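# Coordinate analysis (summary)
Listed here are the chains, written in short residue letters.
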Amino acid sequence: MLSKTLAAQYFNDFAAWLDAAAEEPAEWREAAAFGDVVLYLTAEEVAETVGAVRQALLDLASRTASRTQPVQGARLVQFLALAYPFSGGRKGV
């Protein structure tokens, strides 16, 4: 299944970042994000939140799309968004 293949690649890429992070500049270690929030939400609330995050990233992409080359200090950054019904046994925040 393509979705599982892509998910595995995303997490392999992220694991590679974790392996290399100690050698990265402090500003990049501090800027990188890793964490989660587990909430009780309706499907509508999830869709609304995912839409807002997607729109914020599209707005950022639109503002930076005209760059013909990266600005000094810029690096290619991958944002991953995951939202799914969770059955891991933890209670909501």
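The coordinates are above.
The residue count restarts for each chain, going from 1 along the sequence in the order it is written. Since the coordinates come from a predicted model, pLDDT governs what is reported: local features require at least 70, and pairs of side-chain atoms require 80 or more to be given and counted, while whole-chain, interface and lining totals use all residues. Computation of side-chain values covers all heavy atoms of the structure but excludes hydrogens and water.

## Quick look at the overall build of the chain
Quick note on the threshold: Numbering goes from the N terminus for both helices and strands, where a helix is a DSSP run of H or I of at least four residues and a strand is a run of E of at least two. Under the scheme applied here, a residue whose accessible area is under 20% of the maximum for its type counts as buried, over 50% as exposed, and between as partly exposed, the area being computed with a 1.4 Å probe on protein chains only. By definition in these notes, contact holds between two residues if any of their heavy atoms fall within 4.5 Å. Here the accessible surface of atoms and residues is derived via Shrake-Rupley with a 1.4 Å probe, and residues count as covered only by protein chains that are part of the display. His is not counted here, nor are the chain ends, while Lys and Arg score as positive and Asp and Glu score as negative. Here the site of a charge means NZ on Lys, CZ on Arg, CG on Asp, or CD on Glu.
Scanning the chain for helices and strands turns up three helices and zero strands. Along the chain, helices and strands appear, N-terminal first, in the series α-α-α. Overall, the chain is about 40 × 30 × 30 Å in size when its C-alpha atoms are taken along their principal axes. When the 93 residues of the chain are sorted by exposure, 3% land in the buried category. Taking the contacts inside the chain whose residues are at least 6 apart along the sequence as the reference set, 71% of them involve residues at least 24 apart. Summing over all exposed atoms, the chain offers an accessible surface of approximately 8400 Å²; the carbon and sulfur share of this is 58%. Positive and negative side-chain charges of the chain, numbering 8 and 11 respectively, have mean locations separated by a distance of 3 Å.

## A few points about the environment of Arg67
Here Arg67 lies in the segment after α3 (43-64). Residue class for Arg67 comes out partly exposed when judged on its relative accessible area of 43%. C-alpha separation for the pair Arg67 and Val38, spaced 29 residues apart in sequence, amounts to 36 Å.

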